[in-house]
Amino acid sequence: MSDEQVRLGELREEIDSLDQKIMELISARAKCAQEVARVKTAANPEQDVFFYRPEREAQVLRRIKDANPGPLPGEEMARLFREIMSACLALEKPMHIAFLGPIGTFTQAAALKHFGHSVVSVPLPAIDAVFREVESGAAHYGVVPVENSTEGMINHTLDMFMSSPLKICGEVQLRIHHHLLISPEFRDQEITCIYSHQQSFAQCRQWLDTHRYGIERVTVSSNAEAARRAAKEPGTAAIAGDMAAELYGLETLANSIEDRPDNTTRFLIIGREEVPASGHDKSSILVSMRNKPGALYQLLEPFHRHGISLTRIETRPSPSGTWAYVFYIDFEGHMDDEQAHKVLAEVDEEAVELKRLGSYPIGVL
Ligand SMILES: O=C(O)C(=O)C[C@]1(C(=O)O)C=C[C@@H](O)C=C1
């Protein structure tokens, strides 16, 4: 046996023994989570028990990232713990997560990134269907896209909050890589049509104009639907992401064709309960103001005076016509913070309506 083989044997023995210890520790952690579930149920025998605790998960993941000694990057270590917590939560209660489908969409990838792979993910055909599924209690939580760094806000999601009683419980950001995909079966055929979702076409417009000018672009309901069509129709291609490519067995003709290298979509986690402070939070509100001079100034001035940073402000047309303006505002901090409390009390006095959409941990992963 060579020296190298001897050393390899020793290292593998060490890995086996470490794996054994890791397994025993993960099992001990899972038993703890089972006990947590027992305590939670005993404390609330008559009520809905909220097994999923977004604020606690954010704290765990942040601590792991901060304490990580390397050589694995902090992101990678947090991802591993994301999956361990996901499996522990599934022992407490299997979570049903509704998302904007079909399967293979970026929204499903975002749901799995946020909750880990031990949840039951339920595809639904439209954003309002995701809201309804969570409102009715058929799903524990929902995941919907809210904004893209290239294309801006997804207004349909914003508008749903005007009428829905649901709360925002979390956010997750996903880097979006689009690929030009074809079926290996039709590799030799000339491409005469490209399928994709309207948002993806918009995010790849320059690349398409430069590299595939003149080929018909057909808009379909999702990237996954585009991939499904390209898998069975000769002479077609799809623009979609990795999940859809894998799901429909497509191969990549051109990789990462999005025009902006930082193309990112932000998704919201929607649920039925409010989330306590995690120590690093963000809040969202909807405010309608009377149509009078200085209304926007009057709305924003208290935030400035109390030193609260706004991270976003969007204006939406009123659905009923009785609201002159509807502002969708994100700000740093939790609504239970003293300063935020004061600001919201002031805004409430001036506004036609103030709707608190929720405070939630700033995305960790
Ligand atoms: O701390 C809790 O409340 C738990 O239920 C435990 C645990 C975990 O595995 O760490 C599991 C699920 C929750 O979403 C948060 C954390």
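Residues numbered from 1 in each chain as written. Predicted model: local features only at pLDDT ≥ 70, side-chain atom pairs only at ≥ 80, totals over all residues. Heavy atoms only, no water.

## Considerations on the packing of helix α5 (residues 127–135) against helix α6 (residues 155–163)
Stage number 1. Closest axis-to-axis distance for the α5/α6 pair is 9 Å, and the angle between their directions is 35°. For the pair α5 and α6, the sense of crossing is right-handed. For the pair α5 and α6, the contacting residues are Ile 127, Asp 128 and Phe 131 in the first and His 156, Thr 157, Met 160 and Phe 161 in the second.
Stage number 2. Each residue belonging to the contact of α5 with α6 can be placed in one class, and the counts come to 4 nonpolar, 2 polar and 1 charged. (Axes fitted to C-alpha atoms, helices over the stretch in contact; angles between N-to-C directions. Helix = DSSP H or I, 4+ residues; strand = E, 2+ residues; numbered from the N terminus. Left-handed = near helix turned anticlockwise from the far one by under 90°. Contact = heavy atoms within 4.5 Å. Nonpolar A, V, L, I, M, F, W, Y, C, P; charged D, E, K, R; others polar.)

## What about the environment of Pro 165?
Stage number 1. In this fold, Pro 165 is placed in the loop between α6 and β5 (167–175).
Stage number 2. With 42 residues separating them in the primary sequence, Pro 165 and Pro 123 have C-alpha atoms 21 Å apart.

## Some thoughts on the pattern of salt bridges
Stage number 1. As enumerated under the stated definition, the model contains 25 salt bridges in all.
Stage number 2. Between Glu 55 and Arg 53 there is a salt bridge, with its nearest N and O atoms 3.1 Å apart. Accessibility classification places Glu 55 together with Arg 53 in one group, the buried group.
Stage number 3. We note a salt bridge from Glu 171 to Arg 266, for which the minimum N-O separation is 2.7 Å. Of this pair, Glu 171 sits in strand β5 while Arg 266 sits in strand β11 (residues 264–271), placing them 95 residues apart in sequence. (Salt bridge = Lys/Arg side-chain N within 4 Å of Asp/Glu carboxyl O. Buried < 20%, exposed > 50% of the residue type's maximum accessible area, 1.4 Å probe, protein only.)

## Re the UniProt feature "coiled-coil region" (unreviewed entry) in the chain
Stage number 1. In this numbering, the UniProt entry assigns the feature "coiled-coil region" (unreviewed entry) to residues 1–28.
Stage number 2. Overall, residues 1–28 shows 93% helix and 0% strand. The separation of its end C-alpha atoms is 39 Å. (UniProt positions renumbered as here; feature names shortened; annotations may be inferred.)

## Re the sheet that holds strand β6 (residues 179–182)
Stage number 1. In space, the 5 strands of this open sheet follow the order β8-β7-β9-β6-β10, with mixed pairing throughout. Strands at the two margins of the open sheet, each flanked by one partner only, are β8 (216–220) and β10 (251–254). Put simply, the sheet's adjacent strands are angled 35° from each other on average, direction ignored.
Stage number 2. Lying over the sheet, helix α9 (residues 223–232) contacts β7 (193–197), β8 and β9 (236–240), oriented at roughly 155° with respect to β9. (Pairing = 2+ DSSP bridges.)

## Focus: the site of the ligand
Stage number 1. Taken together, Arg 29, Val 36, Lys 40, Phe 51, Tyr 52, Arg 53, Arg 56, Glu 57, Met 85, Cys 88, Leu 89 and Glu 92 make up the full set of residues adjacent to the ligand.
Stage number 2. One nitrogen or oxygen atom from the side chain of Arg 29 is found 2.7 Å from an oxygen atom belonging to the ligand.
Stage number 3. The side chain of Glu 92 places a nitrogen or oxygen atom 2.6 Å from an oxygen atom of the ligand.
Stage number 4. Contact with the protein chains removes 90% of the 360 Å² of surface that the ligand exposes when unbound.
Stage number 5. Mapped onto the shell around the ligand, the elements with two or more residues apiece are α1 (3–43), α2 (54–67) and α3 (74–92).
Stage number 6. Counting residues per element, the shell around the ligand draws most heavily on α3, which supplies 4 residues.
Stage number 7. Across the shell around the ligand, the residue classes break down as 6 nonpolar, no polar and 6 charged. (Near = heavy atom within 4 Å. Polar contact = N/O pair within 3.5 Å; in protein donor to acceptor, adjacent residues only side chain to side chain. Areas by Shrake-Rupley, 256 points an atom, 1.4 Å probe, with all protein chains shown as cover.)

## Remarks on the packing of aromatic side chains
Stage number 1. Evaluation of the coordinates by the stated rule reveals 5 aromatic pairs.
Stage number 2. Here the aromatic rings of Tyr 52 and Tyr 141 are separated by 4.9 Å at their centres, their planes lie at 75°, and the arrangement is edge-to-face. Note that Tyr 52 is positioned in the loop between α1 and α2 and Tyr 141 in strand β3 (residues 141–148), a separation of 89 residues in sequence.
Stage number 3. For Tyr 141, a relative accessible area of 3% translates into the label buried.
Stage number 4. On the numbers, 5.2 Å between centres and 75° between planes, the contact of Phe 131 with Phe 161 is edge-to-face. Of this pair, Phe 131 sits in helix α5 while Phe 161 is found in helix α6, placing the two residues 30 residues apart along the sequence. Accessibility assignment for this pair places Phe 131 and Phe 161 in one class, buried. (Phe/Tyr/Trp six-rings, centres within 6.5 Å; stacked < 30°, edge-to-face > 60°.)

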